[in-house]
Amino acid sequence: MAASHFSSQESLLSRRYKGSRQNELNVFELEKLLYTGKSVWQHADEVWPNLYLGDQEIAANKGELMQMNITHILNASHSHFRGGEENYKGMNICYLGIEAQDSPTFDMSIHFYPAADFINKAITGRGKILVHCAVGVSRSATLVLAFLMIHHKMTLVEAITAVKERRGIIPNRGFLRQLLNLDKSLHKMY
């Protein structure tokens with residue numbers, strides 16, 4: 001029954017998305033879509049080939065990172081007080097840290113293209129990347145969604161659908177609005 005509810009919800013959103021500008025998606029509809037799908041997650045889940053979405057705990061576990069063959073880390077909760085690139089010294093890991101706050105007023109959109117390019121470079125270079133923040137559901141998920149939209153030409157609904165079946169994600173409302181704006185700029189609606 002849950003699968004049919006998901007399919008009908010996704011279908012409804014897809015139809016509305018493809019409609020006129022007057023039927024634009026809103027944050028509330030996206031949140032309803034996000035609340036379907038996988039809700040239990042591990043410390044890291046492979047949400048796209050060689051792209052892992054995870055939390056701070058997996059990022060701090062050097063043994064697990066080596067076992068997963070992680071070559072790149074994008075930390076969306078970087079802090080000068082907790083360290084960053086120096087945590088992975090001697091591990092041959094390329095690191096990008098973004099000091100992002102999980103706040104609806106934080107402008108994450110300025111990081112969409114640099115983060116998407118970093119993720120794309122890791123994957124196309126035959127690497128494996130971990131994108132993480134504290135819990136792995138809002139800041140890091142937002143950057144993964146932006147990557148799929150920018151480099152794989154997905155709509156926001158398609159990107160959410162691709163990720164949420166592998167990991168429960170809940171970007172905050174401000175991030176969802178910014179992703180909607182990215183979606184509009186990438187996929188001009190008639």
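Residues numbered from 1 in each chain as written. Predicted model: local features only at pLDDT ≥ 70, side-chain atom pairs only at ≥ 80, totals over all residues. Heavy atoms only, no water.

The name recorded for the chain in an unreviewed UniProt entry is Dual specificity protein phosphatase, from Hymenochirus boettgeri. Turning to the chain, the UniProt annotation filed under Function (unreviewed entry) states: "Dual specificity phosphatase able to dephosphorylate phosphotyrosine, phosphoserine and phosphothreonine residues, with a preference for phosphotyrosine as a substrate." Within the UniProt record for the chain, the comment given under Sequence similarities (unreviewed entry) is "Belongs to the protein-tyrosine phosphatase family. Non-receptor class dual specificity subfamily." (UniProt positions renumbered as here; feature names shortened; annotations may be inferred.)

Colleague: With reference to specific residues and values, describe the sheet that holds strand β1 (residues 44–48).
Modeller: Here we have five strands laid out as an open sheet, ordered β1-β2-β5-β3-β4, and mixed in their pairing. The open sheet terminates on both sides in strands that have one partner only, identified here as β1 and β4 (94–97). On average, each strand axis in the sheet is inclined to that of its neighbour by 20 degrees, with strand direction left out of account. Strands β1, β2 (51–54), β3 (72–75) and β5 (129–132) of the sheet are contacted by helix α6 (residues 139–151), whose axis makes an angle of about 155 degrees with β2. (Pairing = 2+ DSSP bridges. Helix = DSSP H or I, 4+ residues; strand = E, 2+ residues; numbered from the N terminus. Axes fitted to C-alpha atoms, helices over the stretch in contact; angles between N-to-C directions. Contact = heavy atoms within 4.5 Å.)

Colleague: An account of the pairing of β3 is needed here, citing residue identities and associated values.
Modeller: On β3, burial covers both faces: His72 and Leu74 on one face and Ile73 and Asn75 on the other are all buried. The pairing of β3 with β4 spans four bridges and is classified as parallel. Looking at the pairing, Ile73 lines up with Tyr95 of β4. As defined by bridge partners, β3 adjoins β5 across four bridges and the pair is classed as parallel. Within β5, the position partnered with Leu74 by the bridge is Val131. (Buried < 20%, exposed > 50% of the residue type's maximum accessible area, 1.4 Å probe, protein only.)

Colleague: Report on the pattern of salt bridges, specifying residues and quantitative values.
Modeller: Scanning the model with the defined rule gives three salt bridges in all. The salt bridge partner of Glu165 is Lys164, with a shortest N-O separation of 3.3 Å. (Salt bridge = Lys/Arg side-chain N within 4 Å of Asp/Glu carboxyl O.)

Colleague: Lay out the nonpolar core in plain terms, naming residues and giving numbers.
Modeller: Counting 46 residues, the largest nonpolar core has Leu51, Leu74 and Ile129 as the members making the most contacts within it. Leaving out residues up to four positions away in the same chain, Leu51 has contacts with Asp45, Glu46, Ile119, Ile123, Ile129, Val131, Val144 and Phe147. Within the second largest apolar cluster, 13 residues are counted, among which are Ile58, Met91, Ile93 and Tyr95. (Core = buried A, V, L, I, M, F, W, Y, C linked by side-chain atoms within 4.5 Å.)

Colleague: Describe in detail the UniProt feature "active site" (unreviewed entry) in the chain, supporting the description with residues and values.
Modeller: When the UniProt feature table is mapped onto this chain, "active site" (unreviewed entry) is found at Cys133. Position of Cys133 relative to the elements: it lies in the loop between β5 and α6. Cys133 gets classed as buried once you look at its relative accessible area, which sits at 2%. The residues touching Cys133, leaving out its near neighbours within four places in the chain, are Gly54, Asp55, Gln56, Ala76, Ser77, Ser138, Arg139 and Ser140.

Colleague: Go over the pairing of β2, please, and point to the residues and values.
Modeller: Burial of β2 is two-sided: the residues Leu51 and Leu53 facing one way and the residues Tyr52 and Gly54 facing the other way are all buried. Examined bridge by bridge, β1 and β2 share four bridges and lie antiparallel to one another. Looking at the pairing, Asp45 lines up with Leu53 of β2. If you look at the hairpin formed by β1 and β2, you'll find two residues sitting between the two strands, and Asn50 has a positive phi there, around 65 degrees. Pairing analysis gives four bridges linking β2 to β5, with the strands arranged parallel. Across the sheet, residue Tyr52 finds its bridge partner in β5, namely Leu130.

Colleague: Talk me through the environment of Met149; I want residue IDs and the actual numbers.
Modeller: Within the secondary structure layout, Met149 lies in helix α6. As a C-alpha pair, Met149 and Phe112 span 37 residues in sequence and 9.9 Å in three-dimensional space. Look past the residues within four positions of Met149 in its chain and what remains in contact with it is Met154, Thr155, Leu156, Ala159, Leu179, Leu182, Asp183 and Leu186.

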